[in-house]
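In case you want the letters, here they are:
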Amino acid sequence: MSCVEMADDLGDEWWEHQPAGAASSPGYVSSSYTVLPTWTEVKKANIASDGEGRGDTEMMQQETAPVPALSKKTKQPKECFLIKPKETSEDATKTRKRRKKKITDVLAKSEPKPGTPEDLQKLMKDYFSSNRSVIELEELNLPDSCFLKANDLTHSLSSYLKEICPKWVKLRKNHSEKKSVLMLIICGSAVRALELIRSMTAFRGDSKVMKLFAKHIKVQEQVKLLEKRVVHLGVGTPGRIKELIKQGGLNLNPLKFLVFDWNWRDQKLRRMMDIPEIRKEVFELLEMGVFSLCKSESLKLGLF
């Protein structure tokens, strides 16, 4: 028999001789001796104590375990406002340039209106006002008698020329002077000049017409042609006509009619006088003897 079994038997015999109620108290103490618990109770007590100890240990570990520090409150995202940089003078200038209306935008929204002599007079004053005195500007005013009837946008070029010059056939027959023309038609480009020449077939008849523009034609060649033969009509751009006058290839004294291709618009809806370069050349041409001829009433101006 093992020691444990012997201890269990002795314990059982000892409890049988104990007074009633002693069994309910494991640590019962008699007046003469102390009653010890049985081995079974000792094991149960140890098991219970181990469980309680383990629980206490776990509790102590939970109590003593470092509590993680509470994270700081997450900051709520704040509204972000973009501060507009201060506008410099250069930026303001660029903005103004972008917002500036183009002539194409203005003309696209406006109804086409026929040109009038007042329009030409106003453009002349605006152009010469920067370098002329008040007295000189008054001298540039052209008399109403030098203006022909303006096109009311209902005429073709041939019908308009027939209206302003009904005696053209007789006039051209009497013209025999070289290096000159009886009628000049001024337009904005070489392409437009060719279109005008084709559209005036009914009016010109047997008249000799010369192209007076710079495209594919040198000035010297045009001067030679004007010297060789009599020309009645000249159609071209103001820049080339001005150059021919400078080089002595074209004499304005026999000139009777000067017609501006005033109302026609290009792909960008610009008229001839809306283009600064052409406008400048037109007024320079007018200063080369046209003003004096108009005031002497030997030359008439027309706006087609």
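Computed from a predicted structure; not experimentally measured.

## Focus: the overall build of the chain
Moving on, step 1. Across its full length, the chain carries 13 helices and five strands.
Moving on, step 2. Taken over 304 residues, the chain has a buried fraction of 33%.
Moving on, step 3. Look at the contacts in the chain between residues 6 or more apart in sequence, and 70% of them connect residues 24 or more apart.
Moving on, step 4. A total accessible area of about 20500 Å² is found for the chain, and carbon and sulfur atoms account for 55% of it.

## Points about the pattern of salt bridges
Moving on, step 1. Counted according to the given criterion, the structure contains nine salt bridges.
Moving on, step 2. Measuring nitrogen to oxygen at the nearest pair gives 2.4 Å for the salt bridge that ties Lys242 to Glu284. With a gap of 42 residues between them, Lys242 in helix α12 (residues 238-246) and Glu284 in helix α13 (residues 276-295) connect regions that are remote in the sequence.
Moving on, step 3. Its salt-bridge partner being Arg271, residue Asp274 comes within 3.2 Å of it at the nearest N-O pair.

## Re unusual backbone geometry
Moving on, step 1. Residues other than glycine seldom take positive phi values, yet Leu153 does so here, at roughly 70°.
Moving on, step 2. Its location among the elements puts Leu153 in the loop between α6 (134-139) and α7 (157-164).
Moving on, step 3. With relative accessibility at 40%, the residue Leu153 sits in the partly exposed group.
Moving on, step 4. A positive phi angle, near 55°, is found at Lys179, a position not held by glycine.

## Considering the pairing of strand β3 (residues 233-236)
Moving on, step 1. Where burial is concerned, the two faces of β3 agree: the one with Leu233 and Val235 and the one with Gly234 and Gly236 are both buried.
Moving on, step 2. Pairing analysis gives four bridges linking strand β1 (residues 183-186) to β3, with the strands arranged parallel. Bridge pairing in β3 links Ile185 to Val235.
Moving on, step 3. Across four bridges, the pairing between strand β2 (residues 209-212) and β3 is parallel. Its bridge partner lying in β3, Leu212 is registered against Gly236.
Moving on, step 4. The parallel pair β2 and β3, bridged by helix α11 (residues 219-228), forms a crossover whose chirality is right-handed.

## What to know about the state of the cysteines
A covalent bond bridging the sulfur atoms of two cysteines is what the word disulfide describes.
Moving on, step 1. Here the structure, examined in full by the defined rule, presents zero disulfides.
Moving on, step 2. In this structure Cys294 is a free cysteine whose sulfur lies 4.6 Å from that of Cys146, the closest cysteine sulfur available.
Moving on, step 3. Classification of Cys294 by relative accessible area gives buried; the value is 0%.

## Considering the packing of aromatic side chains
What describes a pair of aromatic rings is the distance from one ring centre to the other and the angle between the planes of the rings.
Moving on, step 1. The final tally for this structure, using the stated rule, is seven aromatic pairs.
Moving on, step 2. An angle of 45° between the planes, with centres 5.6 Å apart, marks the rings of Tyr160 and Phe304 as tilted. In this pair, Tyr160 sits in helix α7 while Phe304 sits in the segment after β5 (300-303), placing the two residues 144 residues apart along the sequence.
Moving on, step 3. Taken together through their ring pairs, the aromatic side chains of Tyr127, Phe128, Phe283 and Phe291 make up a single cluster.

## With respect to the confidence of the model for the chain
Any segment with low pLDDT has predicted coordinates that should not be analysed in fine detail.
Moving on, step 1. Per-residue pLDDT for the chain averages 78, and the proportion of residues at 70 or more is 64%.
Moving on, step 2. Below a pLDDT of 50 lies the segment residues 21-33, which in the model reaches 16 contacts outside its immediate sequence neighbourhood of four places, other chains included.

## A look at helix α9 (residues 190-199)
Moving on, step 1. Listed in full, the buried residues belonging to α9 are Ala190, Arg192, Ala193, Leu196 and Ile197. Viewed end-on, α9 has its buried residues packed into an arc of 155°, placing them on one side of the element.
Moving on, step 2. Elements that come into contact with the buried residues of α9 comprise α7, β1, α10 (201-204), β2 and β3.
Moving on, step 3. Between the side-chain oxygen at the start of α9 and the backbone nitrogen of Arg192 there is a gap of 3.2 Å, and the oxygen is on Ser189.

Rules used in this analysis
- Residues numbered from 1 in each chain as written.
- Predicted model: local features only at pLDDT ≥ 70, side-chain atom pairs only at ≥ 80, totals over all residues.
- Heavy atoms only, no water.
- Helix = DSSP H or I, 4+ residues; strand = E, 2+ residues; numbered from the N terminus.
- Buried < 20%, exposed > 50% of the residue type's maximum accessible area, 1.4 Å probe, protein only.
- Contact = heavy atoms within 4.5 Å.
- Areas by Shrake-Rupley, 256 points an atom, 1.4 Å probe, with all protein chains shown as cover.
- Salt bridge = Lys/Arg side-chain N within 4 Å of Asp/Glu carboxyl O.
- Pairing = 2+ DSSP bridges.
- Right-handed = clockwise from strand over helix to strand, strands pointing away.
- Disulfide = S-S within 2.5 Å.
- Phe/Tyr/Trp six-rings, centres within 6.5 Å; stacked < 30°, edge-to-face > 60°.
- pLDDT = per-residue confidence, 0-100.
- Arc of directions from axis to C-beta.
- Polar contact = N/O pair within 3.5 Å; in protein donor to acceptor, adjacent residues only side chain to side chain.

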